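Summary of the model geometry
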Amino acid sequence: MKYMTGNEIREKFLKFFQDRGHLMLPSASLIPQDDPTLLIIGAGMAPFKPFFTGKMKPPATRITTCQKCVRTGDIENVGRTARHHTYFEMLGNFSFGDYFKKEVIPWSWEFLTEELGLPADKLYITIHTEDDEAFDIWHNVVGVPEDHIVRLADNWWEIGSGPCGPDSEIHIDLGPERGCGKPTCGPGCDCGKYTELGNDVFMQYEKHHDGHLTPLKQKNVDTGWGLERILAFLNGTRDVYQTDLFAPVIAYIEEASGVKYNADEKLTRSMRILADHLRTSVMLIGDEAKLLPSNTGAGYILRRLIRRAVRHGRTLNMTTEQLLHIAAMYIDEIYAESYPLMKKNREFVLSELQKEIARFESTLENGMKELQKILEQKRSEGKKEIDGKSAFYLYDTFGFPLELTVELAQEENLTVDEEGFAAAMEEQKQKAREGQNFSQK
Ligand code: GLY
């Protein structure tokens, strides 16, 4: 196994596939073009959907990229583990009606075990239950022992509507000190012992808006590797926050807050959330699309991330200047070489971030006081839940995203009536619509 930096792995991967006839393209914007089924790009294949379905002709039938991605579906786990983060880079190689399983499976193995030097005996493969062809290639061609290949019914990959198909995932065993210890524990268990490094998706179907599937005219491949996870394993830390893509920021947070990483569970969680959410925010604002925080769509995701970062920054007693310093570290140091666009958008990113932090700071103070009143009232009434109307009041008047109220309530062992919140939101929208109709008459 070789120690490598993020930049080295990126370069190695892209070269490996260029040497195998792939056209290298730069990462697409994080904001999808012409794909209403996605708010933000969350996979290397997402910008290429029309190439897989055959609706558009690709510039080459073999393409390789390192794609900027954001996934917030697992946001609750960010900070709780050393392997979850919202922004990540996906190393991808794609075949649009060109090669298929017998080429890509050996390439994936060669890249991991020979180029990166990952230990073969620690790698486990999962395949779709019915994919005998993949089993045959993994076992008989590549030589993976039978007890390292697991058939799973849910080895199927899709994102929004469009191309999809069965996949083979490659997991790495992080060792006996990790894991739940249950007899059923194995690749696919979410306890953390087996971490998925990436997958080969055999894109053979199209999922339509109503959910039904039709076979595609061509057989495609979509391979995606999570750069940060590979990096964490290669440099021996098993913790993405201790790789070169995060370590300088974590060291700065330690210095500025006086809190030691990994000394206290709750504060370590705040450190990771702060480092992660600021990185994602920098990437979104500094993107080609120059996303701005707002109350809808992708802009709302960005707003939630910044507000969560600020709140955890406050838990660590960090100032706005210090948060902006972290943002600048990503731009000036960590991604200076690999994302020059960020540098170009530097002042824009920092000033928009500063504005959103200031907006939130001014409402946070008042909102927290209001929330305290609500919490005290609920406690005195012996209630365990904040009602939807109160949560909506915090959202509407103080800019508290629902998730923030839920999180703060959780810290006090209370829940939030989320359905009641949605009903109050709908009621307000209805009133606004009625108001609009009235003024138009
Ligand atoms: N290669 C598909 C994915 O996991 O994003």
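Heads up: the structure comes first, above all this text.
In this report, the structure presented in the accompanying data block is examined. (Residues numbered from 1 in each chain as written. Predicted model: local features only at pLDDT ≥ 70, side-chain atom pairs only at ≥ 80, totals over all residues. Heavy atoms only, no water.)

1. Regarding the pattern of salt bridges
Following the criterion strictly, the structure yields 35 salt bridges and no others. A salt bridge links Asp35 to Lys49; the shortest N-O distance between them is 3.0 Å. In this pair, Asp35 is assigned in the loop between β1 (23-24) and α2 (49-53) and Lys49 in helix α2, connecting sequence segments 14 residues apart. Each member of the pair Asp35 and Lys49 is classed as buried. Its salt-bridge partner being Lys68, residue Glu288 comes within 3.0 Å of it at the nearest N-O pair. In this pair, Glu288 is assigned in the loop between α7 (265-285) and α8 (297-315) and Lys68 in strand β2 (residues 62-70), connecting sequence segments 220 residues apart. Using a relative accessible area of 4% as the deciding quantity, one classes Lys68 as buried. Connected via shared salt-bridge partners are Arg303, Arg307, Glu356 and Arg359. (Salt bridge = Lys/Arg side-chain N within 4 Å of Asp/Glu carboxyl O. Helix = DSSP H or I, 4+ residues; strand = E, 2+ residues; numbered from the N terminus. Buried < 20%, exposed > 50% of the residue type's maximum accessible area, 1.4 Å probe, protein only.)

2. A few points about unusual backbone geometry
Glycine aside, the phi torsion of most residues is negative, and most peptide linkages are trans. A positive phi is found at Arg238, a non-glycine position, where the angle reads about 65°. By the secondary structure assignment, Arg238 is in the loop between α5 (227-234) and α6 (247-257). Unusually for a residue other than glycine, Asn413 sits at a positive phi of about 60°. Residue classification places Asn413 among the exposed residues on the basis of a relative accessible area of 60%.

3. Let's talk about the packing of α7 against helix α11 (residues 346-380)
Viewed as axis vectors pointing N to C, α7 and α11 meet at an angle of 120°, and their least axial separation amounts to 9 Å. Relative to α11, the element α7 lies oblique. Where α7 crosses over α11, the handedness of that crossing is right-handed. Residues Leu278, Ser281, Val282 and Ile285 of α7 lie in contact with α11, whose contacting residues are Phe348, Val349, Glu352 and Leu353. Looking at the contact of α7 with α11, its residues break down into 6 nonpolar, 1 polar and 1 charged. (Axes fitted to C-alpha atoms, helices over the stretch in contact; angles between N-to-C directions. Parallel < 35°, antiparallel > 145°, perpendicular 65-115°, else oblique. Left-handed = near helix turned anticlockwise from the far one by under 90°. Contact = heavy atoms within 4.5 Å. Nonpolar A, V, L, I, M, F, W, Y, C, P; charged D, E, K, R; others polar.)

4. Re the site of the ligand
Looking at the ligand, the residues that line it are Ala43, Arg71, Met90, Trp157, Asn199, Val201, Asp222 and Gly224. Interatomic distance of 3.3 Å between a side-chain N/O atom of Trp157 and an oxygen atom of the ligand. Taking Asp222, its side chain carries an N or O atom lying 3.1 Å from a nitrogen atom of the ligand. Relative to its unbound accessible area of 200 Å², the ligand is 96% covered by the protein chains. At the level of secondary structure, the elements contributing two or more residues to the shell around the ligand comprise β8 (194-207) and β9 (213-226). Here the shell around the ligand is built from residues that sort into 4 nonpolar, 2 polar and 2 charged. (Near = heavy atom within 4 Å. Polar contact = N/O pair within 3.5 Å; in protein donor to acceptor, adjacent residues only side chain to side chain. Areas by Shrake-Rupley, 256 points an atom, 1.4 Å probe, with all protein chains shown as cover.)

5. What about helix α12 (residues 388-398)?
Along α12, the residues that are buried comprise Gly388, Ser390, Ala391, Phe392, Leu394, Tyr395 and Phe398. In the stretch just after α12, Gly399 is the one whose phi turns positive, near 70°.

6. Structural notes on the packing of aromatic side chains
Following the criterion strictly, the structure yields 24 aromatic pairs and no others. Measuring from centroid to centroid gives 5.7 Å for Trp156 and Tyr205, while their planes differ by 35°, and the two rings are tilted. With Trp156 in strand β6 (residues 156-157) and Tyr205 in strand β8, this residue pair connects regions lying 49 residues apart in the sequence. Residue Tyr205 is classed as partly exposed on the basis of its relative accessible area of 29%. Measuring from ring centre to ring centre gives 5.8 Å for Phe392 and Tyr395, while their planes differ by 35°; the resulting arrangement is tilted. Of this pair, Phe392 and Tyr395 both sit in helix α12, 3 residues apart, roughly one helical turn. Taken as a pair, Phe392 and Tyr395 share a single burial class, namely buried. (Phe/Tyr/Trp six-rings, centres within 6.5 Å; stacked < 30°, edge-to-face > 60°.)

7. Comments concerning the pairing of β2
The side chains of a regular strand alternate between both faces of the sheet. In terms of burial, β2 is a largely internal element, 8 of the 9 residues being buried. Where β1 lies against β2, 2 bridges are found, and the strand directions are parallel. Bridge pairing links Met24 to Thr64 in β2. Bridge count between β2 and strand β3 (residues 87-96): 9 bridges; the pairing is antiparallel. Directly across from Arg62, in β3, lies its bridge partner Ser95. (Pairing = 2+ DSSP bridges.)

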